[in-house]
Each structure stands twice: as C-alpha cells, then as structure tokens.
Amino acid sequence: MSTRIDAFVVAVPGLEQLVLGEVQKLGVRPARPVRGGVECTVTWPQLWAINLRSRYATRVVVRVARFKSDGFHSFQQKLGAIEWGEWLDDGVGVQVSVTADKESKLYHTGAVEERALETLGRPLGEQGVLIRILNDVVTVSLDASGAPLHHRGYRGPAAKAPLRESLGAAIVTTAEWDPKKPLVDPFCGSGTIAIEAALIARRMAPGRSRSFAFQQWPTFDASAWERVVRGADGDIVEKCPPIIASDRDAGAVAATLENAARAGVGDNIEVVQRAVSDLALPARAGWIVTNPPYGQRVGGGDIRNLYDRFGAVLRDRAVGWHVAVLGSSDTPVARLHLPLRPALSTLNGGIEVALHTGVVPALAAPASVGSAG
Ligand SMILES: C[S@@+](CC[C@H](N)C(=O)[O-])C[C@H]1O[C@@H](n2cnc3c(N)ncnc32)[C@H](O)[C@@H]1O
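Residues numbered from 1 in each chain as written. Predicted model: local features only at pLDDT ≥ 70, side-chain atom pairs only at ≥ 80, totals over all residues. Heavy atoms only, no water.

This part takes up the overall build of the protein. Counting its secondary structure elements, the protein contains 9 helices and 16 strands. What you see for the protein is a C-alpha radius of gyration of 23 Å, in line with the 21 Å of a compact globule of 373 residues. Expressed along its principal axes, the backbone C-alpha trace of the protein runs to roughly 70 × 45 × 35 Å. Counting every position in the protein, which comprises 373 residues, the buried fraction comes to 52%. Of all intrachain contacts in the protein linking residues separated by at least 6 positions in sequence, the fraction that spans at least 24 positions is 78%. (Helix = DSSP H or I, 4+ residues; strand = E, 2+ residues; numbered from the N terminus. Rg over C-alpha atoms; globule rule 2.2 N^0.38 Å. Buried < 20%, exposed > 50% of the residue type's maximum accessible area, 1.4 Å probe, protein only. Contact = heavy atoms within 4.5 Å.)

With that settled, the discussion passes to the sheet that holds strand 10 (residues 269-273). Taken in spatial order, the 7 strands make up an open sheet running 10-9-8-11-14-16-15, and their pairing is mixed. Only two strands of the sheet have a single neighbouring strand rather than two, namely strand 10 and strand 15 (341-348). Taking each pair of neighbouring strands and ignoring which way they run, the sheet shows an average axis angle of 20°. Across 3 bridges, strand 8 (residues 183-185) lies against strand 9 (residues 243-247) in parallel orientation. (Pairing = 2+ DSSP bridges. Axes fitted to C-alpha atoms, helices over the stretch in contact; angles between N-to-C directions.)

Bringing the nonpolar core into the picture now. One finds Leu47, Trp84 and Ile269 to be the most contacted residues of the largest nonpolar core, which totals 92 residues. Examining the composition of this core, we find that 8 residues originate from one element, helix 6 (residues 192-201), more than from any other. In contact with Trp84, other than residues within four places in its own chain, are Val64, Leu79, Leu120, Arg122, Val129, Val140 and Leu142. Judged by nonpolar contacts, the second largest core, of 22 residues, contains Val184, Phe187, Tyr307 and Trp321. (Core = buried A, V, L, I, M, F, W, Y, C linked by side-chain atoms within 4.5 Å.)

Between helix 3 (residues 72-81) and helix 4 (residues 109-120), whose axes approach to 9 Å, the crossing angle comes to 40°. Taken together, the axis directions place helix 3 and helix 4 in an arrangement best described as oblique. When the axes of helix 3 and helix 4 are compared, the crossing they make is right-handed. Two secondary-structure elements touch here, helix 3 through Phe72, Phe75, Gln76, Leu79 and Gly80 and helix 4 through Ala111, Val112, Arg115, Ala116, Glu118, Thr119 and Leu120. Here the residues of the contact of helix 3 with helix 4 sort into 7 nonpolar, 3 polar and 2 charged. (Parallel < 35°, antiparallel > 145°, perpendicular 65-115°, else oblique. Left-handed = near helix turned anticlockwise from the far one by under 90°. Nonpolar A, V, L, I, M, F, W, Y, C, P; charged D, E, K, R; others polar.)

The next thing to look at is a positive patch on the surface. Side chains of Lys25, Lys180, Arg203, Lys239 and Arg284 sit close together on the surface and give a patch of like positive charge. With respect to the element layout, Lys180 can be found in the loop between helix 5 (165-174) and strand 8. Residue Lys180 is classed as exposed on the basis of its relative accessible area of 63%. (Patch = residues over 30% accessible without salt bridge, like charges linked within 9 Å, V, L, I, M, F, W, Y side chains within 5 Å. Areas by Shrake-Rupley, 256 points an atom, 1.4 Å probe, with all protein chains shown as cover. Salt bridge = Lys/Arg side-chain N within 4 Å of Asp/Glu carboxyl O. Lys, Arg positive; Asp, Glu negative; His and termini not counted. Charge placed at Lys NZ, Arg CZ, Asp CG, Glu CD.)

Take the sheet that holds strand 7 (residues 137-143) next. Judged by pairing direction, the sheet is mixed, and its 7 strands sit side by side in the order 2-3-1-4-7-6-5 without closing on themselves. Bordering the open sheet on either side are strand 2 (31-34) and strand 5 (94-100), each of which pairs with just one other strand. When the angles between neighbouring strand axes are averaged without regard to direction, this sheet yields 25°. Sheet topology note: the strand 1 (residues 5-10)/strand 4 (residues 59-68) ladder contains 4 bridges and is antiparallel. Residue Phe8 lies in a different strand from strand 4, and its bridge partner there is Val61. Sitting on the sheet, helix 1 (residues 16-25) is in contact with strand 1, strand 2 and strand 3 (37-42), with an inclination near 170° to strand 2. Lying on the sheet, helix 3 is in contact with strand 4, strand 6 (127-134) and strand 7; it crosses strand 4 at an angle near 125°.

The next subject is the domain arrangement of the protein. Taken as a whole, the protein is organised into domain 1 (5-143) and domain 2 (165-205 + 219-359). The C-alpha-based centres of domain 1 and domain 2 are spaced at 33 Å. Both sides together, the interface formed by domain 1 and domain 2 hides about 1600 Å², and carbon and sulfur atoms give 67% of it. The interface formed by domain 1 and domain 2 includes 1 salt bridge. Arg53 is the salt-bridge partner of Asp235, the closest N and O atoms lying 3.0 Å from each other. Our enumeration of links across domain 1 and domain 2 arrives at 5 residue pairs in polar contact (both at pLDDT 80 or more). The leading source of residues in the side of domain 1 that touches domain 2 is helix 2 (residues 44-53), at 6 residues. Looking at the side of domain 1 that touches domain 2, its residues break down into 11 nonpolar, 1 polar and 3 charged. (Domains from an automatic or database assignment. Buried area = accessible area lost by both parts, 1.4 Å probe. Polar contact = N/O pair within 3.5 Å; in protein donor to acceptor, adjacent residues only side chain to side chain.)

Considering the arrangement of structural elements, one finds Gln46 in helix 2. Accessibility expressed as a relative area gives 14% for Gln46, which makes it buried. Contacts of Gln46, omitting those with residues within four sequence positions, involve Arg4, Leu26, Gly27, Val28 and Thr41.

Positionally, Val60 belongs in strand 4. A residue is classified by how much of its surface remains accessible, and Val60, at 0% relative accessible area, is buried. For the pair Val60 and Phe8, spaced 52 residues apart in sequence, the C-alpha to C-alpha distance is 5.8 Å. Contact partners of Val60, with chain neighbours within four places excluded, come to Ala7, Phe8, Val9, Leu47, Ile50, Asn51, Leu142, Asp143, Ala144, Ser145 and Leu149.

Counting across every chain of the model gives 0 disulfides. A disulfide-free cysteine, Cys188 has its sulfur positioned 15 Å from the sulfur of Cys240, the nearest such atom. Exposure remark for Cys188: the relative accessible area of 5% places this residue in the buried category. (Disulfide = S-S within 2.5 Å.)

Given below as structure tokens:
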C-alpha cells in the first residue's frame, strides 16, 4: 500500500486553501494549492480518505499519464500504450471529456474525444477519463470520485436554488463558527448550511452514505477501505450545540427536515417555519450564517426591503452575535447597516458570490423592524 499516486483535488476557485488544509490534515505531503484545486501525491488510503472526508472539494482525479503529442497518430499511439489494466478492469465503460487550448495542434476537443474512445476500445459508461491538452502536452487522468463530492447523498429532489453542500460547509468554516455555540440560519431553504454545520460539529464524514468511482477500480481493497471508514466513524461525537434552521416557506421547511434526517443529523437541527421578521434567537449568543435570496426581486417584493428588514432584526435582537451573509454582487449587503467585511469570494452555480462576516455591535444604527415578511 506504499504506492504513491499523483492526484489533483478539484475545488471551486476560492476554496483551494480550505481543501489544502483538509488534505494536509490527512497527512498528505507534498500538497500544493493552484487555481482550481490542490496538486498532491497520495497513497491509495489517502485518496479514499480525501473522497470520504473532504467537505470542500468537488472531486479527486488521479494522473495516469502525461505525454507530448502533435497529432492524432502520436496521441492514439501513446494513449493506447498506457497499461490500462492497472487502472480499470476489462470492459468497464468510460466517458471521455477533453479540454484543449487553441495553441495545441490537437485543439478540436470533439475529434480528440472520438479518437480517444476509439483507442480505449471500451463501451460508453460511467468511469470518467479526463484529457487535458496544454501546449501539446497531454495529461490523462481518471476521476476517482464519480458523482461530485458535494453530492453527499442526503439531498432530495425538491430543493429550489440550493447551495452546493461544499459551499455550505465552506461558509460555516469561513465564518469561524465555534461548534460549541448556537448556529441559526433564518433563510434555510433546503437546509444546506444547518446540515453541513451539524456534520462539522459532530465530525461526521460527508461522504459516508455514498459510493465512489474508485470502488470499482482493480486497486480497490475492501478491507483497507473498511479501515478508512472505521477511522472516520471513530471521530464522530454525539454532542452538538443548538442549530436552528427557519424559512417562511413550508416546502423549504419540509425539505430541510427530510434532508437533515437523511444526513443523520435530524435530531440535531430545530426546523421552524417563520419569516425573518419573527426571528427568535437563543439567549446565548452564537452565529447567524445564512444565504438570503439573491436577485432584484423576491416573493413579489424588492430585495432591498428584505435586507432593510433583516438588518433591523439583527440590530434589534442579535447584539453580540456573529453574522455571516452570503450574497451575489447585486445583493444589497450595505442595507443591513452592520460592520461586515468580505471574507470569501467564490462561485455558486456559476454566479460570483461573497461571504460577508462580522459581529452585531451594541450600538448599531437604530431602525424599526417592519411587520411584513
Ligand atoms: C437562496 S434560498 C436559501 C437556499 C439555502 N441556502 C439552500 O441551500 O437550500 C433563500 C430562502 O429564503 C427564503 N425567504 C425569502 N424571504 C424570506 C423571509 N422574509 N423570511 C424567511 N425566509 C425567506 C426563501 O423561501 C428561500 O428558501
């Protein structure tokens, strides 16, 4: 098991440092952050552990080969020369995806994909083969994860505009939540932030209830994998502080309840149907971590009114609480009238988003709390 594999842990831009911290915590050395992920060298159990335990990564790919190629002939010859049997069992179906820069001779990704499939001589299937061509250098990788790692397996089909689970975890961590203190999400939607917070507090591995592509590889060792899973399970703690998720929408409340139960943290989250203007907080100050609606209009009203109201509620009822609000570039965060600073910039579903964090001061600008919504 001392084989070392070149791996790339893919991350949404902005989350690379968080992913670096995770892989280092698993003893992975060397590990180097680059835009879009972390390059590292891993053993097989480390590769499996990253898949099982990473809260912030999108997927893990392993490098199979790198070669120079200036045309289809050498491409097919070198791709065909790879000892594929070491990586994939005979007959395993593949899907090939190709990216190429315009400077490379092989820049036509569709044609490269066709030739690659022809050379591999495998049926179409689930196993991802990733081909990247940069300055005529071809890098061939295999996707070790399968479905992206933010597919934890707890989310039902009902969610509207949900956050990626990896981003939910990233904002809880970037907000510097102390998992001994309460956490409240008053715009919980399908519950991602509250569920990820509960998984963090209880030290539960996010990938515990899903499968991974590497489990189909000939290098997979079921008993060594069992040890990796048992190691992760051994970290779980029962203790969890109050985590409260609320939303004015009944469908969102139902989705949060179902998702939390599927994630194994149903008993750790109090789910309430209420508008933000009815927000009630535990006496002991903690963290409000939330992702209010984006866009100009919401529920038939102007988003600015919603932010005015949310700001008034926070200044009135949340003195001393930490606040972390995720918004897009057109989110009127300034209308909260709170001393918040951008703490993280990243993407959610292709939209640029930023997390704004701070503490509600005792003498924030006075304002009345509107009654609607
Ligand atoms: C962007 S979504 C939150 C998505 C959530 N983070 C997730 O991962 O599913 C915003 C949520 O705010 C809720 N909402 C809008 N106005 C509200 C209000 N005045 N009070 C409480 N919830 C509200 C919507 O019902 C919606 O579920």
